[in-house]
Amino acid sequence: METATVSYKLIKKIKDDKFDIDHLHHYSLLLQFGARDFQVGIIDTRTNKFLFLEDFILASVKSYGQLKSVLTEIFDKHHLLQAGFWKTVKVSIKNNKFTLVPPALFDKNELENYLKLNAKVDPQSEVFLYYKNINTSAVTVFAMNKVIYEWLQEVYPKQEIGFIHQSSALAEGAFNFAKNLKGNTLYLYVDRFKLHIISIEKGKLLYYNQFIIKQFSDYINYIMLVLKGLNHDQNRSKVVIWGYIGKQSPHYNEFYKYIKNISFGDRPDYLKFGYMFDEVQDHQFFDLYSMHLCD
């Protein structure tokens, strides 16, 4: 194994008092992997109660071998992650190697060719996966590094792991939220180093894309670009935001200068949370929570 010379940091951990290690066979394990971060969630499928949350920041790595080494260290020191008798294990991948394919055009033998249209892929080092979205009906095709894919199969040899792309979780979550809203709304998810933008109109996915953020002005530029492209009025359009942004932060105040009708999204109504999760702002970890909607 390639030796990692990088480190990681656990920046958030919450465990509900109702969590019971003897009931793991009733629990759904959620794992979300990014290039620089990693999240863990655990849900009791009997009650839909969110019981456990961890958020790790990973230092920059130079190869997937190093990333595997860092993740292996986290798993080796963790008292839960290597357990092999969960009810379900779901893994969400955060990357820009994905595309949406209409169901009428989808052929599972053409995954690589779909991805080649908008991403550089390598069949020698990547596996090509797909997920049939529930609300959009479209199929999300995405790539995942083979080193991490095979390592996860080794960690959970007796589990059928459900692999999805972060974009699918965000879309399903936005659809669930949109069911209680009228009119056209733009949904934003502020991730670490990325901005996701979703538009849903009349029960259909009109737009989804993710943008790499290098400086704060990029947020405003991309939002204005999408609003203009969708013929939305920036002064009247509703915008809902989730993610890594504080309600009293200078970043939010800057958003408000350009978008007057902006508000923070809530926690999902399909999950229950104990009082110990009050320390987490309601609009955070929306992508992790939304994995629960992906079968």
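Look a little higher up for the structure.
Quick caveat, the model's predicted, so the values are computed rather than measured. Note on numbering: residues in each chain are counted from 1, in written sequence order. The model is predicted, so local features are restricted to residues of pLDDT at least 70 and side-chain atom pairs to those at 80 or more, both for listing and for counting; the totals for chains, interfaces and linings are taken over all residues. No hydrogens and no water enter the side-chain calculation; it runs on all heavy atoms of the structure.

**Description of the sheet that holds strand β13 (residues 238-243)**
Convention followed: A pair of strands is labelled paired if DSSP reports no fewer than 2 bridges between them. Put simply, DSSP marks the helices as runs of H or I at least four residues long and the strands as runs of E at least two long, and each gets a number from the N terminus on. Fitted lines through C-alpha atoms give the axes, limited to the stretch in contact for helices. The angle between two N-to-C directions lies from 0 to 180 degrees. Residue contacts are defined here by distance: any two heavy atoms, one from each residue, within 4.5 Å place the two residues in contact.
Spatially, the five strands line up as an open sheet ordered β12-β11-β10-β13-β14, and their pairing is mixed. Each edge of the open sheet is held by one strand with a lone partner, namely β12 (204-212) and β14 (262-264). On average, each strand axis in the sheet is tilted by 20° relative to the strand beside it, whichever way the strands run. The pairing of strand β10 (residues 185-191) with β13 spans six bridges and is parallel. From the neighbouring strand, Val-190 faces β13, where its bridge partner is Gly-243. Its contacts with the sheet put helix α4 (residues 166-178) on β10, β11 (194-201), β12 and β13, and the angle it makes with β11 is roughly 45°. Most of the contacts of helix α5 (residues 217-229) go to β11, to which it runs at about 20°, and overall it touches β10, β11 and β12.

**Examining the nonpolar core**
Our working rule: In plain words, nonpolar cores are sets of buried Ala, Val, Leu, Ile, Met, Phe, Trp, Tyr and Cys residues tied together by side-chain atoms within 4.5 Å. For every residue, the accessible area (1.4 Å probe, protein chains only) is compared with the maximum for its type, and the residue is labelled buried under 20%, exposed over 50%, or partly exposed between those bounds.
Ranked by internal contacts, the top residues of the largest apolar core, which has 69 residues, are Leu-31, Phe-38, Phe-50, Trp-86, Leu-152 and Tyr-156. Counting residues in each nonpolar core, the second largest holds 22 residues, with Val-190, Leu-230, Ile-245 and Phe-264 among its members.

**Brief notes about the pairing of strand β5 (residues 88-93)**
Along any regular strand the residues' side chains alternate between the sheet's two faces. Within β5, five of the six residues are buried, leaving the element largely enclosed by the surrounding structure. Bridge analysis of strand β2 (residues 27-33) against β5 gives six bridges, and the strand direction is parallel. Among the inter-strand pairings, Leu-31 is bridged to a residue of β5, identified as Val-91. Strand direction decides the pairing type here: β5 and strand β9 (residues 162-165), joined by four bridges, are parallel. By the bridge assignment, Val-91 is partnered in β9 with Phe-163.

**Considerations on the environment of Ser-168**
This is how the line gets drawn: Each polar contact in these results corresponds to two N or O atoms within 3.5 Å; when the atoms are within protein, one needs to be able to donate a hydrogen and the other to accept it, and residues that are neighboring in sequence are counted only if both atoms are side-chain atoms.
Take Ser-168: it is sitting in helix α4. Relative accessible area serves as the criterion here: at 1%, Ser-168 is assigned to the buried category. C-alpha of Ser-168 to C-alpha of Ile-134: the two residues are 34 residues apart in sequence and 9.1 Å apart in space. At a separation of 2.9 Å, a polar atom in the side chain of Ser-168 contacts the side chain of Asn-133.

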